[in-house]
Structure formats: structure tokens, C-alpha cells
There are 2 protein chains.
Amino acid sequence: MAVIGFIGLGNMGGPMAANLVKAGHKVTGFDLVPAALDALKAAGGSVAASASEAVKGAEIVITMLPAGEHVRQVWLHQGGLIDVVKDTKPLLIDCSTIDVDSARTATAAAAEAGMTMLDAPVSGGTVGAANGTLTFMVGGDEEAFAKGLPILQGMGKNIFHAGGPGAGQAVKICNNMMLAINMIGVAEGFILAEKLGLDWMKLHAICTTATSNSFALSNYCPAPGPTPASPANRDYAPGFMTALMLKDVKLSQAAAEATGVATPMAALAASLYQATVDAGDATKDFSVVFRLLENMKRG
Amino acid sequence: MAVIGFIGLGNMGGPMAANLVKAGHKVTGFDLVPAALDALKAAGGSVAASASEAVKGAEIVITMLPAGEHVRQVWLHQGGLIDVVKDTKPLLIDCSTIDVDSARTATAAAAEAGMTMLDAPVSGGTVGAANGTLTFMVGGDEEAFAKGLPILQGMGKNIFHAGGPGAGQAVKICNNMMLAINMIGVAEGFILAEKLGLDWMKLHAICTTATSNSFALSNYCPAPGPTPASPANRDYAPGFMTALMLKDVKLSQAAAEATGVATPMAALAASLYQATVDAGDATKDFSVVFRLLENMKRG
């Protein structure tokens, strides 16, 4: 069992750290929000007065932060975590979903200080974090991945090694970009179908066995009815919030911009999720884009 | 076994009629192209000198024609097939993929003459037609569907009853519209992934078990490598031609226009498949849109 420093104990990081405690690890956490510290204490972990103190003596340091800027702030610069742990050289794991460039910058800075950092963003949302069923997409070399695997298994179910540094972030944004597009496609198909007089249950039964099948269709139908477990059946309570999907699609567009890749469908998807957020549905499940499209006038 | 008149013996209709002969039916066919008549003769069917002659005494009349205008020409107006068979009252089955309005117009005209017509478009392409493994999406009432089912089983494997008149066409265009969108989504994801340094095989292995999975991804990957059977691995030989996918997406857009439904993603998909056709790839598999996107400059 490992000594772990865990920075960022929010909606995701909190339950992830608690699951590491449950798995038998010695976890010391830090967050700027006092209530988050209390929650980790209640779960049996230790808390620290600062990030630097939390990682003292750790064999593994994990961060779970909102965005690339926070990851750069926490890890880089003089007095950043890489500086703090450069003598003890723990394995570094960043579980935040951030831009590929920030991930590679942090990884390179770690390498320069003689350490390995895995980029290990997750999918599965707060439910997956609480239940320890997250999916991890991990970038980094084989040896570091092998070392991080038993730790990640304490927080997730499917742990994928996606490739070298940054590959975890890259797979996650490509996956979510494709999901974002598929979901809107299903929404448009079901709205058109309804206007053509089709029964959604029949359409769903046929299309899930046909060439238009997708996870968005078979497990996450944005029209209420066909998939009882999907957010569409409970007024789009998340699930995966529109604001987070928009963040990921924007990350994909930043990466596409940086690499000069044309992504016309993803760009349109980004603007449709932006419109969904603007319509007040940022905290609804992203499949609520269905409702935006239903109310949209044909141009 | 039934006496069948079959009009339209092209790339799809020819092998479909031949499979009905093989299933033991007495098939008399007609086509404007002499070679198509020869092929049906060689397969053991009879041929007629006109459409009217082909349907004489038939219990079932099947049409397989390129577009709505042909279906209206053949079935409607004085001297059209409905007029010709109005005394013998066979079951009418139109297997063409056409606009929902034309399908409903033909069905209504048949009903007025005291006959039932099923709209029964197919998917599965020329390979499915030859092997008798087509999927049929069928619109029409229960009784007519029950009567048509054993006939359709002679040509296909999955026969779905989609709902009342026009529902077969409606399901087909909704299905193909969603497929059209999913395919471009996968293409954009894989092109971006490559520029981010990801390995396509790893990306595919991860995403097929994740939330971005789709038939387009798991069975029909537009990037060469991950799915060996897909057209991407043989220079995009079809498969399902771009020209036909464009036709179907345009049908979906005509239906969306007629019903006032906003389909921004499908509209963009239509323009991307149009650009693929304009680039000279009309007869390649529609997944060749991958190549269009690869060559596209980010705007």
C-alpha cells in the first residue's frame, strides 16, 4: 500500500481520494475548500495545511484540478510541486482533464527534474468517482504506467494505456469530441423521426441493430423513453454536465487549432453546446442539447 | 410460393429478383435495360416486354427504382401500375429508397384503388442484395406486413416493421442521416488523434469500449487499420457509395425542410458529402469523407 498525496478534493477528487483510503492507501489531501478537507477526514484520510505539506514523503502524488491553468500553477514554477518533491521523486499522476499542451509541459518539467508524470484523465463522472468505476485514459511510458496501475485500480474499473506523455488527454478529448457529435446526431434523428410520425421505441429498436447504432443511441438516448436509465427520462439531471462537455469540445478545438486539423462537425457541435449553456442548461446533462434542437427554427 | 412481378432489375433489383427465384417464387421481371432482362432469365426468371405485362396475374408486385420521380412515374397516373392491377389487387411493395412524401402519395393512391402498398426500403448494398442478407425497414399496416414478410424473407435477413405507411422510408432516412453524421465524427476524431501523436489501433481499442463507440467506429472505421473489413483498407472501394449516402442525407433534409425541423449537423454533413462527390469520389465508399477532411485546411 502506498503513501499518497492528493491535491484537489472537489466533486471528483473527493470521492477518488476516499476510495484510495478504502483501498488501504495512506492518503493525505489538500484543497482550498475547508469542507473538502473535512470530507476526506471523515473518510479516514489525513489532511494538510498546504499542497506542499500534503505531498511530503509521498510515494505517489495525484492532482485532480479543474483546468490546465490550475495544473500549471500547482506543478510548475519555483515552489511548485515539482520543485517541492524533486528530492523524494514520487510518481506523479495528473487526473485532471486539461489541454494536451499543458499536460506535455508538466510532463516535460517533471522529466527534467528526474521524475515521471502520468496524464490520466477520467470518464464516468461523479457517479463513477463515488463508486470507483471510473475509466482512466493514461499517457506515459510503460514503466510508469505499470507503477501507477494498482493505484488507479483503487479508483477505477477500466484503465487504458493510451500511449506516451499526453496520450491520455489526447484520447479523452478525441473520445468526447466524437461522443459530442454522435449525441447531436441522435437528437436530430429522433426529432425528425417524430415529425415524420415515427414511434421512438420502434425507431430505437431498429436503429440499435442497424448502421446508425452508437453508445449515444443505445445507452444514452437523448429522447425520453427508449433508454430508461438515460438523463432524458429525469429532466436531463446529469450524468455529464453540458458545461463539462463544452469544456472538452473546446479542448478538442484548441488542439485542432494548434495542429491545423479541420473539424467542421466538432466546431458546429461546440457552438451548439455553447448555445445550450447560453440557454441556461449548463448544469443539465449534455444530452439536453436535444431540447435546444427541438426549439430551434429551421434556418 | 407466389407469383411476383418485379420492376427495376438494376444493381440492387437484379440480385433481389434472382433470390426470389431461388426461394421458389415465380418471378416475371421488367427493366428498361436489356442486359438486366438477360440476367434475370439466366437466373431462372421470366421477363416481360413492359412493366404492365410483367405484373399481369401477379399476387405480389415489387418495384426497385432509383428515386421518387421514377416511383411516381411507374405507379401513378392513368396507365400506371396501380391502374393496370386495380382489378387483380396484388400486394404492392416498393423497395426503392425515396422521399417520404412520394411514398405516402403512392400508398394513398393504392389505397384509393383498394390495394395495400408497403414501403420497404433496404440497407445492405449490392453485397446484401446478392447474398440475400438485406435489412428491410417496412411501413404499412399489420396485415399487409404479415403478408409481405415471407416474400421479403426471400431477399433479406432482418425485416423490421417500422410503422404505418411511409414509416419504412422515414426510418431509413433517419438511420442513414445519423450514420452520415457519426461517420464524419469518427473521421474528425481520428484525424485529430493522428496529429496529436496517438496510435489509431490504441485509440480504436479504447473508444470502442467507451462512450464514443458507434457502428461507424467499431465496424466501419474510416481510417485504415483498425477494422480490416472496412472500405478504408481497400482505397475506399464501396461498400455504400458516397453518391447514395448524399442522396439519403438530401432526402433527410427534404423531409426536415417539409416538417420544419432544424438539423444543423445533418445539413453540414450533406455539404461535406457533396464536397466529397465534387472532389470526384461519388463512386467511392462514403467513408472516403475521411480523405476530404484530411486534405481540408482549418478555416
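Residues numbered from 1 in each chain as written. Chains lettered and ligands numbered in written order. Predicted model: local features only at pLDDT ≥ 70, side-chain atom pairs only at ≥ 80, totals over all residues. Heavy atoms only, no water.

*Asks:* Quick question: what am I supposed to make of the overall build of chain A here?
*Replies:* Counting its regular elements, chain A contains 14 helices and nine strands. For 299 residues, the compact-globule estimate of 2.2 N^0.38 gives 19 Å, and chain A sits close to it at 20 Å. In terms of overall dimensions, chain A has a C-alpha envelope of 65 × 45 × 35 Å along the principal axes. The proportion of buried residues among the 299 residues of chain A is 58%. Across chain A, the fraction of contacts at a sequence separation of at least 24, relative to all contacts at a separation of at least 6, is 61%. Here chain A has roughly 11100 Å² of accessible surface; of this, 56% comes from carbon and sulfur atoms. Looking at chain A, you have 20 positive and 25 negative side-chain charges, and the mean spots of the two groups are 5 Å apart. (Helix = DSSP H or I, 4+ residues; strand = E, 2+ residues; numbered from the N terminus. Rg over C-alpha atoms; globule rule 2.2 N^0.38 Å. Buried < 20%, exposed > 50% of the residue type's maximum accessible area, 1.4 Å probe, protein only. Contact = heavy atoms within 4.5 Å. Areas by Shrake-Rupley, 256 points an atom, 1.4 Å probe, with all protein chains shown as cover. Lys, Arg positive; Asp, Glu negative; His and termini not counted. Charge placed at Lys NZ, Arg CZ, Asp CG, Glu CD.)

*Asks:* Looking at this structure, how should I read unusual backbone geometry?
*Replies:* With the exception of glycine, the majority of residues adopt a negative phi angle, and the majority of peptide bonds are in the trans configuration. Between P238 of chain A and the following residue, G239 of chain A, the backbone shows a cis peptide bond with an omega angle of 5°. Its identity as a non-glycine residue notwithstanding, Y236 of chain A has a phi of 60°, on the positive side. Even without being glycine, D235 of chain B reaches a positive phi, approximately 50°. Examined against the element boundaries, D235 of chain B turns out to sit in the loop between α11 (215-218) and α12 (242-259).

*Asks:* Sorry if this is basic, but what is going on with the relation of the copies chain B and chain A here?
*Replies:* Both copies of the chain are tied together by a single rotation about an axis and a shift running along it. The transform that puts chain B on chain A rotates by 180° and translates by 0.0 Å along the axis, for an RMSD of 0.0 Å. Between the two chains, the operation in question is that of a two-fold axis. Rotation axis and chain B: the residue whose C-alpha lies nearest the axis is S214 of chain B, separated from it by 1.8 Å. Mapped onto chain A, 100% of the interface residues of chain B again fall at the interface, so both copies present the same surface. (Least-squares fit on C-alpha atoms with pLDDT ≥ 70 in both.)

*Asks:* In this structure, what is going on with the domain arrangement of chain A? I would like to understand it.
*Replies:* Often, the extent of an interface is quoted as the loss of accessible area on bringing the components together. All names here are of chain A. Domain parsing of chain A yields domain 1 (3-164) and domain 2 (170-294). Taken together, the contact pairs nine residues of domain 1 with seven residues of domain 2. Both faces combined, the contact of domain 1 with domain 2 buries some 800 Å², and carbon together with sulfur accounts for 68% of it. If you sort the residues of domain 1 by the area they bury against domain 2, T97, V100 and M137 come out on top, with a joint share of 49%. (Domains from an automatic or database assignment. Buried area = accessible area lost by both parts, 1.4 Å probe.)

*Asks:* For this particular structure, what's the right way to read the packing of helix α9 (residues 167-195) of chain B against helix α13 (residues 264-281) of chain B?
*Replies:* Two packed helices can be described by the angle between their axes and the distance between those axes. All names here are of chain B. Interhelical geometry of α9 versus α13 gives an angle of 70° and a closest axis separation of 9 Å. Overall, the two elements α9 and α13 adopt an arrangement that is roughly perpendicular. Two secondary-structure elements touch here, α9 through M177, A180, I181, M183 and I184 and α13 through M265, A266, A269, L272 and Y273. In the contact of α9 with α13, the residues fall into 10 nonpolar, no polar and no charged. (Axes fitted to C-alpha atoms, helices over the stretch in contact; angles between N-to-C directions. Parallel < 35°, antiparallel > 145°, perpendicular 65-115°, else oblique. Nonpolar A, V, L, I, M, F, W, Y, C, P; charged D, E, K, R; others polar.)

*Asks:* Explanation requested: the environment of D101 of chain B in the structure shown.
*Replies:* Tracing the sequence through the fold places D101 of chain B in helix α6 (residues 100-112). According to the relative accessible area criterion, D101 of chain B is exposed, its value standing at 53%.

*Asks:* Would you take a moment to explain the interface of chain B and chain A for this structure?
*Replies:* Counting from both sides, the interface comprises 62 residues of chain B and, opposite them, 62 residues of chain A. Buried area between chain B and chain A, both sides added, is near 5500 Å², and the carbon and sulfur share of it is 69%. Between chain B and chain A we count two salt bridges in total. Between E257 of chain A and R298 of chain B there is a salt bridge, with its nearest N and O atoms 3.1 Å apart. (Salt bridge = Lys/Arg side-chain N within 4 Å of Asp/Glu carboxyl O.)

*Asks:* Would you mind going over the nonpolar core with me for this structure?
*Replies:* Soluble globular proteins tend to bury their nonpolar side chains together. By size, the foremost hydrophobic cluster in this structure holds 109 residues, and its most contacted members are F190 and Y273 of chain A together with F190 and Y273 of chain B. Sequence-distant contacts of F190 of chain B, defined by excluding residues within four places in its chain, comprise M178 of chain A together with W200, L203, H204, L217, C221, A223, P226 and F290 of chain B. (Core = buried A, V, L, I, M, F, W, Y, C linked by side-chain atoms within 4.5 Å.)

*Asks:* Honestly, the environment of A210 of chain A in this entry has me stumped. Any pointers?
*Replies:* Here A210 of chain A lies in the loop between α10 (200-207) and α11 (215-218). It is 48 Å that separates the C-alpha atoms of A210 of chain A and G5 of chain A, two residues lying 205 residues apart in sequence. The contacts of A210 of chain A, once residues within four sequence positions are left out, are N175 and F215 of chain B.

*Asks:* Got a minute to help me understand the pattern of salt bridges in this structure?
*Replies:* Two side chains of opposite charge can pair, provided their charged atoms sit close to one another. All names here are of chain A. Counted according to the given criterion, the structure contains 12 salt bridges over all chains. A salt bridge links D235 to R291, with the nearest nitrogen and oxygen atoms 2.9 Å apart. Here D235 is found in the loop between α11 and α12 (242-259), whereas its partner R291 is found in helix α14 (residues 289-295), with 56 residues between them in sequence. We classify D235 as partly exposed; its relative accessible area is 45%.

*Asks:* Any chance you could explain the side chain of D248 of chain A here in plain terms?
*Replies:* Note that D248 of chain A resides in helix α12. Excluding its chain neighbours within four sequence positions, the residues that come into contact with D248 of chain A are T97, K172, I173, N176 and F240 of chain A.

*Asks:* What should I look at first to understand the packing of aromatic side chains in this one?
*Replies:* The description of an aromatic ring pair uses the distance of the two centres, along with the angle that the planes make with each other. All names here are of chain A. One pass over the full model with this rule turns up 12 aromatic pairs over all chains. Aromatic side chains Y220 and F286 sit 5.4 Å apart centroid to centroid with 65° between the ring planes, which places their arrangement in the edge-to-face category. With Y220 in the loop between α11 and α12 and F286 in the loop between α13 (264-281) and α14, this residue pair connects regions lying 66 residues apart in the sequence. Summarising the burial analysis for this pair, Y220 and F286 share the class buried. (Phe/Tyr/Trp six-rings, centres within 6.5 Å; stacked < 30°, edge-to-face > 60°.)

*Asks:* Please explain helix α1 (residues 13-22) of chain B as it appears in this structure.
*Replies:* Each full turn of the α-helix corresponds to 3.6 residues, which orients residues three or four apart in the same direction. Residues and elements named next belong to chain B. Within α1, eight of the 10 residues are buried, which leaves the element mostly enclosed by the surrounding structure. Burial in α1 covers these residues: G13, G14, M16, A17, A18, N19, L20 and V21. Note on α1: the residue one or two positions beyond its end, G24, has a positive phi of about 100°.

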